[in-house]
Amino acid sequence: MNRQQQIDRFLFAAHRLALARLRAELGRLADASRLLRQWRAQASAIRSDAYWDEWQALLRSVSPLSVLLSQHERRSLLREAREKA
């Protein structure tokens with residue numbers, strides 16, 4: 001498995017975990033929305049706007065990872081993605 005496939009595997013697993021966490025803790029939706037607003041305020045108009053728009057639209061069911069996964073969980077998922085390579 002090449003590096004890009006490892007990254008894809010990690011992102012898939014991380015987003016699945018984030019989605020499960022958000023479904024279990026609906027109060028975290030506000031955290032994700034707040035993070036998106038911060039990103040937009042710091043970066044102004046850039047290429048990522050389309051992605052942030054999509055996240056904003058999806059926040060009814062999913063959320064950005066950094067406010068939903070701990071660093072330990074993230075490292076664990078990265079390690080698993082590399083080991084399955």
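Everything below is about the structure shown above.
The rules we used
Residues numbered from 1 in each chain as written. Predicted model: local features only at pLDDT ≥ 70, side-chain atom pairs only at ≥ 80, totals over all residues. Heavy atoms only, no water. Helix = DSSP H or I, 4+ residues; strand = E, 2+ residues; numbered from the N terminus. Axes fitted to C-alpha atoms, helices over the stretch in contact; angles between N-to-C directions. Parallel < 35°, antiparallel > 145°, perpendicular 65-115°, else oblique. Left-handed = near helix turned anticlockwise from the far one by under 90°. Contact = heavy atoms within 4.5 Å. Nonpolar A, V, L, I, M, F, W, Y, C, P; charged D, E, K, R; others polar. Patch = residues over 30% accessible without salt bridge, like charges linked within 9 Å, V, L, I, M, F, W, Y side chains within 5 Å. Areas by Shrake-Rupley, 256 points an atom, 1.4 Å probe, with all protein chains shown as cover. Salt bridge = Lys/Arg side-chain N within 4 Å of Asp/Glu carboxyl O. Lys, Arg positive; Asp, Glu negative; His and termini not counted. Charge placed at Lys NZ, Arg CZ, Asp CG, Glu CD.

1. Regarding the environment of Met 1
Inspection of the secondary structure assignment puts Met 1 in the segment before helix H1 (3-24). Between the alpha carbons of Met 1 and Ala 81 there is a distance of 9.8 Å; along the sequence they are 80 residues apart.

2. Thoughts on the packing of helix H2 (residues 29-43) against helix H3 (residues 49-58)
Contact pair H2 / H3: the axes reach a minimum separation of 10 Å and the direction vectors enclose 160 degrees. Taken together, the axes of H2 and H3 lie roughly antiparallel to each other. Helix-helix and strand crossings are classified by hand; for H2 and H3 the assignment is left-handed. Where H2 abuts H3, its residues Ser 33, Leu 36, Trp 39, Arg 40 and Ala 43 lie against Asp 49, Trp 52, Asp 53, Trp 55 and Gln 56. Its residues placed into classes, the contact of H2 with H3 shows 5 nonpolar, 2 polar and 3 charged.

3. Some thoughts on a positive patch on the surface
Together, Arg 3, Arg 74, Arg 75, Arg 79 and Arg 82 make up a positively charged patch on the protein surface. The biggest single contributor to the positive patch is helix H4 (residues 71-83), with 4 residues. If you trace the backbone, Arg 74 turns up in helix H4.

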